[in-house]
Every structure is written in structure tokens, then in C-alpha cells.
Amino acid sequence: MKVTESVQSLNEYVREQRDAGKKIALVPTMGNLHQGHLDLVARARELADRVIVSIFVNPLQFEPGGDLDNYPRTLAADTDKLLQAGADLLFAPDVNEIYAKDLSKTTQVVVPGLSSLWCGASRAGHFQGVSTIVNKLLNMAQADFAVFGEKDFQQLCIIRKMVADLNMPVSIIAVPTRREADGLAMSSRNAYLSSNERKIAAKLREVMVNLQEKISSGQYLDYQKAARQALETLHQAGFKTDYLAICRQSDLQLAEPDDKDLVILAAAYLGKARLIDNCIFSIAGH
Ligand code: PAF
């Protein structure tokens, strides 16, 4: 596996591979890799001849006062994992390689509408930072495929919309969320949980699955009321809830009773950790 910090050597690698007729898959990450990321790499391996993984903790997507400085950075361990997983190139640039000194003057990509809902409402500028870095990485890697986790469902929708709106020649591939044995979605931010909080954390998934089952079986027709009850259950369990919403998959607006393709989106704090999760499902109609 090649490792580089430089955009120029990434460009050279990409040019060589494309000239040789190789298909490229990109897996963008912020490092601190867990099995969920390795699933993305495995999917990328199935799709393409060459797999590029990027590790870059993107300052543009952290809100002021967020966890940018404390975000876990584990490059040596990540490199070992990627070697095992069969990545071909690890691109791990320094911030100065990616952005000019004054971040406020950098060109940014905005996906309107979707970016200001849900996580976007509580994390100002977050999705603008995500769409900007993903756009830049896709330009650098000239990838045929880019692979993302379904765990960040809103992020996935925003990236798909950016790629469609800007006619970017890349296929966006989604991979199901990898979970711990008790159902907690794997996330680098789970490291912020105390041992007591970790025990409570699985309740988020439990409440969402319960809600999904009740909706699917037609027991809950008033979605707003059902969401309020689920929020209350999480609150009782010790979460500081941000939102829980029953949405339609197409535009992440609140679902109406005749919508069929649904997604439950939720974000909640346990201590310092902000956990997000989702349940993606379709109903046959009642
Ligand atoms: O999902 C992530 O880890 C990040 O938001 C991404 C897509 C790598 C952009 O920084």
C-alpha cells in the first residue's frame, strides 16, 4: 500500500491508474477506523481495481466549539488496518495541503435545503463543510465509485444530490451500518462514552427499531405523536435528545401517512457523545 500526504503524488497515482484502464474507488474517512470503515473498504475492493482511502479530519465540518481538537487521531493503527484490508493507496494530507490558511476565503459547495435540516439545524455549517471536502476529494481522486456508510444517512443524501446537481461522473455507493453486539452503531465518537453511558447507548437503536416495527405493522398512524413518544422514552433513559423524526427517504421532510419509503433519523447526546442513527424501511401501505 502506498501512503502519501501530497495532492500531487495522489494526482500522479490516479493518472497512472487511469492510463492503465483501472477503475478507482474512493473511501473518504476522518480516520480512527473501525469495522464500519473496513466494510466500506471491502465494498470498494469488490467494485474497483484500485482502492484509495483518504484520512482527513476536515476542520470545515466542525462547528465552533466542536470536538475538532479532541477528535481521535490514530494514523499508525489506521495504516495497519488499511494494509490488512487491502487498500492500494492511503491519502492522509495535512490541513495545509487541502486548504489555504484563511478558511473563510475558501470556495465552498452548498447543497441547499437538505443541508439545513436535522443535523444541519443543530450543527451550523457542518454539511457545507462535508460537501466541500467530498467535492475536493472526488476531484483529486477522479474516482469511478465513492463509498459511504448509511449511518450518516443525511450526509449520504446530500452527497448524492451534490453529485447529481453538479453532474459529477462518479457512482455513490452506500454500505449498511455496522453495529456492536447490542445494536449500537459503530462510530469514532463512541469513544467519548463513559462505561455507564455505553450501557445506555444501545437504547437509541432499541427505541428506533421499536418505532419502525409499530409503523410497519400499522399501529402508529400519527407519526408526529409516535416521534414525540420515542423522544420521551429516550429522555427517560438519560439521553439529551436533539431530534427524532420520521421522514420520507426522498427529501428527508417529515413523512405523511401515504409515504412508503421512510427513514427514522435521530440524534441524541449521552454526556459528551453525540450519537446519531437511522432506520431505513419501506411500508406496504395499510
Ligand atoms: O463521514 C465522514 O467521516 C466524513 O463526513 C467525510 C465523508 C469523510 C467527510 O469528511
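Provided above is the structure to which this section pertains.
These numbers were taken from a predicted model, which means no experiment stands behind them.

Peer 1: What is the right way to look at the side chain of Asp39 in this model?
Peer 2: Assignment of secondary structure puts Asp39 in helix 2 (residues 35–47). One polar contact links Asp39 to Arg178, side chain to side chain, over a distance of 2.8 Å. Dropping the residues within four chain positions of it, Asp39 is found in contact with Val175 and Arg178.

Peer 1: Just checking my understanding: could you explain the site of the ligand for this structure?
Peer 2: The environment of the ligand is made up of Pro28, Thr29, Met30, Gln61, Ile133, Phe148, Asp152 and Gln155. Gln61 places a polar side-chain atom, nitrogen or oxygen, 2.6 Å from an oxygen atom of the ligand. Within the side chain of Gln155, one N or O atom sits 2.7 Å away from an oxygen atom of the ligand. Computed on the free molecule, the ligand has an accessible area of 290 Å², of which 88% lies beneath the protein chains in the complex. Class assignment of the residues belonging to the shell around the ligand gives a composition of four nonpolar, three polar and one charged.

Peer 1: Would you explain unusual backbone geometry in this entry?
Peer 2: Comment: phi is negative for the bulk of residues other than glycine, and the bulk of peptide bonds are trans. A positive phi angle is found at Asn167, which is not glycine, with a value near 50°. As for its position among the elements, Asn167 is in the loop between helix 7 (153–165) and strand 6 (171–175). Of note, the phi angle at Leu252 is positive, near 60°, even though the residue is not glycine. Assignment of secondary structure puts Leu252 in the loop between strand 7 (240–248) and strand 8 (261–270). In this structure Leu252 comes out as buried when scored by relative accessible area, which is 0%.

Peer 1: Please clarify how the pairing of strand 3 (residues 50–55) should be interpreted in this entry.
Peer 2: Successive residues of a regular strand alternate their side chains across the two faces of the sheet. Across the six residues that make up strand 3, a large majority, five, are buried. Two elements, strand 2 (residues 24–29) and strand 3, share six bridges in a ladder whose sense is parallel. Among the inter-strand pairings, Thr29 is bridged to a residue of strand 3, identified as Ile55. With helix 2 bridging strand 2 and the parallel strand 3, this β-α-β connection has right-handed handedness. Crossover handedness for the path strand 3 to helix 3 (residues 75–85) to strand 4 (residues 89–91): right-handed.

Peer 1: What should I look at first to understand the packing of aromatic side chains in this one?
Peer 2: Centre-to-centre distance and the angle between the planes together describe a pair of aromatic rings. Throughout the structure, instances matching the rule amount to three aromatic pairs. Between Trp118 and Tyr243, the aromatic rings sit 5.5 Å apart at their centres with planes inclined by 40°, giving tilted as the arrangement. Linking Trp118 in helix 5 (residues 118–122) with Tyr243 in strand 7, this pair joins segments that are 125 residues apart in sequence. The same class applies to Trp118 as to Tyr243, namely buried. Across from the ring centre of Tyr269, 4.9 Å away, lies the NZ or CZ of Lys240, which sits over that ring.

Peer 1: Just checking my understanding: could you explain the environment of Ala201 for this structure?
Peer 2: Mapping Ala201 onto the fold places it in helix 8 (residues 195–201). Linking Ala201 and Ala273, residues 72 residues apart in sequence, is a C-alpha distance of 9.7 Å. When residues no more than four places from it in sequence are discounted, the contact partners of Ala201 are Leu184, Leu193, Phe239, Leu270 and Leu275.

Peer 1: It is not clear to me how the sheet that holds strand 7 should be interpreted in this structure. Could you clarify?
Peer 2: What links the strands of a sheet is backbone hydrogen bonding, and the strands pair in either a parallel or an antiparallel sense. If you walk across this open sheet you meet the three strands as 7-8-9, and the pairing is antiparallel. The sheet is open, and its two borders are formed by strand 7 and strand 9 (273–282), each paired with just one other strand. Along the sheet, successive strands turn relative to each other by an average axial angle of 10°, direction set aside. Packing of helix 10 (residues 223–237) onto the sheet brings it into contact with strand 7 and strand 8, and relative to strand 7 it is tilted by some 155°.

Peer 1: Quick question: what am I supposed to make of helix 2 here?
Peer 2: Residues three or four positions apart in an α-helix share a direction because the helix packs 3.6 residues into each turn. Between its first and last C-alpha atoms helix 2 spans 19 Å; for 13 residues at 1.5 Å apiece the expected length is 18 Å, and the two agree. Along helix 2, the positions that sit buried rather than exposed are Gly36, His37, Leu38, Asp39, Leu40, Val41 and Ala44. Where the residues of helix 2 are buried, they touch strand 2, strand 3, helix 3, strand 5 (145–149) and strand 6.

Rules used in this analysis
- Residues numbered from 1 in each chain as written.
- Predicted model: local features only at pLDDT ≥ 70, side-chain atom pairs only at ≥ 80, totals over all residues.
- Heavy atoms only, no water.
- Helix = DSSP H or I, 4+ residues; strand = E, 2+ residues; numbered from the N terminus.
- Polar contact = N/O pair within 3.5 Å; in protein donor to acceptor, adjacent residues only side chain to side chain.
- Contact = heavy atoms within 4.5 Å.
- Near = heavy atom within 4 Å.
- Areas by Shrake-Rupley, 256 points an atom, 1.4 Å probe, with all protein chains shown as cover.
- Nonpolar A, V, L, I, M, F, W, Y, C, P; charged D, E, K, R; others polar.
- Buried < 20%, exposed > 50% of the residue type's maximum accessible area, 1.4 Å probe, protein only.
- Pairing = 2+ DSSP bridges.
- Right-handed = clockwise from strand over helix to strand, strands pointing away.
- Phe/Tyr/Trp six-rings, centres within 6.5 Å; stacked < 30°, edge-to-face > 60°.
- Lys NZ or Arg CZ within 6 Å of the ring centre and 35° of its normal.
- Axes fitted to C-alpha atoms, helices over the stretch in contact; angles between N-to-C directions.
- Expected span 1.5 Å × (residues − 1).

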